[in-house]
Amino acid sequence: MYTLYYGKGAASLAIHAALKEIGVPYELVAIDLEAGQQRSPEYLRINPQGKVPTLLIDGKPFAESAALMLMLAERHPQSNLAPPAGSLARAEWYELMVTLANSLGNNFRLWFYPSDLGSTNDDSALRSAIRQRIEATWATLDARLADNGPYLLGETFSGADLMLTMYMRWSRNMPRPATAWPALQQHADMMRARPSWRHITEAEALTGW
């Protein structure tokens, strides 16, 4: 049994979709990020960093979206969240997962929370630098998908595609969202039509894309 502590549309989104892809029982516990519930004493007891997601696995809390995706892929090899263990495709998947977490996850954290660097949204130089980093990653991923799509691993779906879709959604209100790149737009459309993504969109009451 899994319990996912999630925030609406937050970094828990890909893990929510992964649980649906696996098809195992799980419980959802909503954390109201706008109300600051992630900083409540009750939540800090299971996640001292006060972030989402937290996933209880057999009652023990674990965090970090990319790490959780790796854990779920290993615990449920039949789910196709990752290629077979020991294969070259699995090595490529590990590389993708770390790249997405570093190039997109970390930069989006700074985009949304410039206070992590002691800055504010009014710091145009910082915002521009972060935006350039994110857009450079979009360009690289777009070229990858255009050359060898429709998924990040070619013809094979994986949890990396769920992570990418989550990050693309986060860019929707940026000056140049991920969907401005044609191959990324096609990937987003394909992933949004997936039953797992349609389910979490309804379950979390997400509006728009």
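Each value, and the rule that gives it
Residues numbered from 1 in each chain as written. Predicted model: local features only at pLDDT ≥ 70, side-chain atom pairs only at ≥ 80, totals over all residues. Heavy atoms only, no water. Helix = DSSP H or I, 4+ residues; strand = E, 2+ residues; numbered from the N terminus. Rg over C-alpha atoms; globule rule 2.2 N^0.38 Å. Buried < 20%, exposed > 50% of the residue type's maximum accessible area, 1.4 Å probe, protein only. Polar contact = N/O pair within 3.5 Å; in protein donor to acceptor, adjacent residues only side chain to side chain. Contact = heavy atoms within 4.5 Å. Arc of directions from axis to C-beta. Pairing = 2+ DSSP bridges. Right-handed = clockwise from strand over helix to strand, strands pointing away. Expected span 1.5 Å × (residues − 1). Bend = angle between axes of the 7 residues up to and from the residue.

Trainee: For the overall build of the chain, give the residues involved together with the corresponding values.
Mentor: A tally of helices and strands in the chain yields eight helices and four strands. Starting at the N terminus and walking to the C terminus, you meet the elements of the chain as β-α-β-α-β-β-α-α-α-α-α-α. Relative to the 2.2 N^0.38 estimate, which gives 17 Å for 209 residues, the radius of gyration of the chain is 17 Å and therefore close to what a compact globule would have. Counting only C-alpha atoms, the chain reaches 45 × 45 × 30 Å along its principal axes. Residue burial in the chain is summarised as follows: out of 209 residues, 48% are buried.

Trainee: How would you explain the side chain of Ser 119 if you had to name every residue and give the values?
Mentor: Along the chain, Ser 119 falls in the loop between α4 (88–112) and α5 (124–148). On the accessibility criterion, Ser 119 (16% relative accessible area) is buried. Polar contacts involving the side chain of Ser 119 include one to the side chain of Asp 123, which spans 3.1 Å. Sequence-distant contacts of Ser 119, that is, excluding residues within four places in its chain, are made with Pro 114 and Leu 126.

Trainee: Can you tell me about helix α7 (residues 182–192), naming the residues and giving the values?
Mentor: Taken as a whole, α7 has its buried residues at Ala 183, Leu 184, His 187, Ala 188 and Met 191. Summarising the axial view, the buried residues of α7 lie within an arc of 140°, below the 170-degree limit, and thus occupy one face. In α7, those exposed residues whose orientation departs by more than 90 degrees from the buried face are Pro 182 and Gln 186. On the buried face of α7, the contacting elements are α5, α6 (159–170) and α8 (195–203).

Trainee: Describe the pairing of strand β2 (residues 26–30), and please don't skip the residues or the numbers.
Mentor: Pairing between strand β1 (residues 2–6) and β2: five bridges, direction parallel. Within β2, the position partnered with Tyr 2 by the bridge is Tyr 26. In the classification by handedness, the crossover that spans β1, the intervening helix α1 (residues 13–22) and the parallel β2 is right-handed.

Trainee: An account of α4 is requested, with residue identities and associated values reported.
Mentor: Here α4 contains 25 residues, and its C-alpha end-to-end distance of 35 Å stays within 8% of the 36 Å for a straight helix at 1.5 Å per residue. Its maximal kink placed at Ala 101, α4 deviates by approximately 30°. Among all positions in α4, only Arg 90, Trp 93, Leu 96, Met 97, Leu 100, Ala 101, Leu 104, Gly 105, Asn 107, Phe 108, Leu 110 and Trp 111 are buried.

Trainee: Could you give an account of the pairing of strand β3 (residues 54–57), naming the residues involved and the relevant values?
Mentor: Burial of β3 is two-sided: the residues Thr 54 and Leu 56 facing one way and the residues Leu 55 and Ile 57 facing the other way are all buried. Examined bridge by bridge, β1 and β3 share four bridges and lie antiparallel to one another. Opposite Tyr 2, over in β3, you have Ile 57 as the bridge partner. Strand direction decides the pairing type here: β3 and strand β4 (residues 60–63), joined by four bridges, are antiparallel. In the sheet register, Leu 56 faces β4, and the bridge partner there is Pro 61. Hairpin remark: β3 followed by β4, antiparallel, with two residues in the connecting loop; positive phi at Asp 58, about 55°.

Trainee: Just give me the short version of unusual backbone geometry, but keep the residues and values in it.
Mentor: Look at the link from Val 52 to Pro 53: it is a cis peptide, with omega at 5°. Relative to the helices and strands, Pro 53 is located in the loop between α2 (41–46) and β3. With an omega dihedral of 5°, the bond running from Gly 149 to Pro 150 counts as a cis peptide bond. In this fold, Pro 150 is placed in the loop between α5 and α6. At Glu 64, a residue that is not glycine, the phi angle is positive and equals roughly 75°. Its location among the elements puts Glu 64 in the loop between β4 and α3 (65–75). The backbone phi angle of Ala 205 is positive, close to 55°, even though this residue is not glycine.

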